Each structure stands twice: as structure tokens, then as C-alpha cells.
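Descriptive analysis of the structure
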Amino acid sequence: MGQGLFAALALTMTLLILFVTPALTAGAISGEHEQLTYDLLVATPLPPGRILSGKLVAALWYVLLLLFAAVPLGSVILLFGGLAPHDLLRALALLLLTALAAGMLGLLCSALSRRTLRATILAYLLIMLVIMGAYFVAMLRASTAQPGPPITSHALAASPLSAMTSVVLRGAQPAGDQPVVNAPSMTVDSNLLMNMPPFSTLTYGLVDYNKPIGPTVLPVYRYAYVGYALFSIVCYWLAGHLVLPRRRWRLGWHDLRMALLLLGVAALGAWYLDLWAAPVGVG
């Protein structure tokens, strides 16, 4: 019961973030063009980074309220058993990074377009393209593989739904990298919700059948942590140039700082991924 409620809450919050966040940030810059206040905005002494960060914080404040309003529900789910507090922390961290990535994508689309409607449509199209592209890559790899155990793909980390599903299934494992129960269906017997469509289709490719200890859930959420952070930095970098009214692509000290930040986060992410993946049995 606890695992089923946790899956319902986590996947529902993921869908809400994916649908709500781009709509909140897609009109941040394009709305200034429509209201004819863009010239006044860029005439202020604020640098583009400060403008973007202010717009992002103002838009994501409602999303943060939505996330933290669901924390008491997660505490109630713990009473039913079947999961640990660190499973809720994993899901909350993934939700925060998903909101940040979706918000930065909306800001980038808003800086690209002068109309809020176009920016919103573009943001949703890109999100759908990323989600469907991740599943297409996984299916293509599985269809071209030799006969034998199913082939997993880390490309599923690009889809927030798959990344959250890996958190849910990870919490359903007995401990760390122990074999998952009922591996042929890539779900857990006690988790009734994950055995029902459409949630059962989200588990495609999340079980590694080639582990010596048996079928094991592939923790793609760890790669999603790093990937979403890098994606947010790149979107922030590009949007900072697009906000400028002229000489948009002239390099400066801001670009050097962003490049160092990007390299630092990438190096830290690679170090953490190696640290997580090296020892067998670490959850």
C-alpha cells in the first residue's frame, strides 16, 4: 500500500510540474515584448543574469509551494510502510531539478519568441520531444539487440517520468542492488499501481537483466540529477545572451563564469556517478 501511494504521488507531481512550470515561465520575457515594457527592462542597470534569475524565482515560487505542500502527504505515506525516508528525499530532489530544468526551458523559449503563445507551445513541444525521444531510443536499442535478456538504456534518464519511475522501483527493492521481485514484468508484486497501465509502460528498460546477482532496477534517476542540472545551466547561458537587445553573442566575463560553472558541475556529476556506480550494493 505504501509503495502504491508513493508511486501515485511521485508520478502525479512529476506530471503537474511538467505541465505547469513551462506555462509559468514561457511568458517571462515575451510578455515584456507584448506589454511594450521590454525596452524599459533592458534600460535598467540589471545584467541579463539578474533579470533571468528574478523572473525564474518569481515563476517557480508557485511550483515550490506545490512541492512543499505535498511533503506532509509523503510523511503520511511512511505510516503505511514499504519505503524509507530517503526514498522521499530522492523523489523530492528529482522534482526540484525537474522544475528547474522545465522552468529554464520555458525562459529560453520566452527569450527566443516575442509571443507568449508561441513560446508556450515551443516549450511543450520540446518537452514532449525529449520524453518520446527517450522512449524511442530505448525501444530502438532493444529492437536491434541480439536475442537474449532485454537491453537497458540510460537514455531514459532524459524522461522525467522514467527517472521518477526508477526512484519508485528503487525504493521497492529489498536493499541497494538486490534483485528486483517479479523481474519479467519489471515491477514489484506488492506495488499494485506499477502493475497497471499506463504506469507499467513507464518501467520499460529500467531493469538490468545482465547483473550477476539477478535482474536489478537501473537507477537512471542518478543520471537525471546531473543531466537536468547541466541542461538548466546551458538554458540559462543561452537565455542570457538572447535577452540582450544587441550584440547578443559577444563573449564576455559572464561567459567565462558560466563555462567554469558548467565544467565544475559536469566534473562533480561525473565524480558522483562513479562513486555511486562503483560499489555493488549501494542504494
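Computed from a prediction, not measured in an experiment: that's the story for all the values here.

Procedures and definitions
- Residues numbered from 1 in each chain as written.
- Predicted model: local features only at pLDDT ≥ 70, side-chain atom pairs only at ≥ 80, totals over all residues.
- Heavy atoms only, no water.
- Core = buried A, V, L, I, M, F, W, Y, C linked by side-chain atoms within 4.5 Å.
- Buried < 20%, exposed > 50% of the residue type's maximum accessible area, 1.4 Å probe, protein only.
- Helix = DSSP H or I, 4+ residues; strand = E, 2+ residues; numbered from the N terminus.
- Contact = heavy atoms within 4.5 Å.
- pLDDT = per-residue confidence, 0-100.
- Axes fitted to C-alpha atoms, helices over the stretch in contact; angles between N-to-C directions.
- Parallel < 35°, antiparallel > 145°, perpendicular 65-115°, else oblique.
- Left-handed = near helix turned anticlockwise from the far one by under 90°.
- Nonpolar A, V, L, I, M, F, W, Y, C, P; charged D, E, K, R; others polar.
- Polar contact = N/O pair within 3.5 Å; in protein donor to acceptor, adjacent residues only side chain to side chain.

Brief notes about the nonpolar core
Inside soluble globular proteins, nonpolar side chains tend to come together where they are buried. Judged by nonpolar contacts, the single largest core of 58 residues is most densely connected at Phe6, Leu94, Met164 and Val167. Broken down by secondary-structure element, the contributors of at least two residues to this core are α1 (2-25), α4 (48-69), α6 (85-112), α7 (116-143), α8 (160-172) and α9 (220-243). With residues up to four places along the chain from it excluded, the contact list for Phe6 reads Ile77, Leu83, Asp87, Leu88, Ala91, Val167 and Val168.

A look at the confidence of the model for the protein
With 77% of its residues at a pLDDT of at least 70, the protein reaches an overall mean of 77. Segment residues 174-191 is flagged for pLDDT under 50; beyond a separation of four residues in sequence, or across chains, it makes 58 contacts in the model.

Considering the packing of α1 against α6
Taken N-terminus to C-terminus, the directions of α1 and α6 make an angle of 20°; their axes are 8 Å apart at the nearest point. Classified by the angle their axes make, α1 and α6 are roughly parallel. In terms of crossing hand, the pair formed by α1 and α6 is right-handed. Facing Phe6, Ala10, Met13, Thr14, Ile17, Leu18, Thr21, Pro22 and Thr25 of α1, the residues of α6 in contact are Asp87, Leu88, Ala91, Leu95, Thr98, Ala99, Ala102, Gly103, Gly106, Leu107 and Ser110. Across the contact of α1 with α6, the residue classes break down as 12 nonpolar, seven polar and one charged.

Topic: the side chain of Ser113
Tracing the sequence through the fold places Ser113 in the loop between α6 and α7. In this structure the side chain of Ser113 is engaged in a polar contact, spanning 3.2 Å, whose partner is the backbone nitrogen of Arg115. Beyond its immediate chain neighbours, meaning those up to four positions away, Ser113 contacts Ser30, Arg118 and Ala119.

Some thoughts on the environment of Ala10
For Ala10, the position within the fold is in helix α1. Judged by relative accessible area, which is 5%, Ala10 ranks as buried. Sequence spacing of Ala10 and Val167 is 157 residues, and the spatial spacing of their C-alpha atoms is 8.9 Å. Those residues in contact with Ala10 that sit more than four places away from it in its chain are Leu95, Met164 and Val168.

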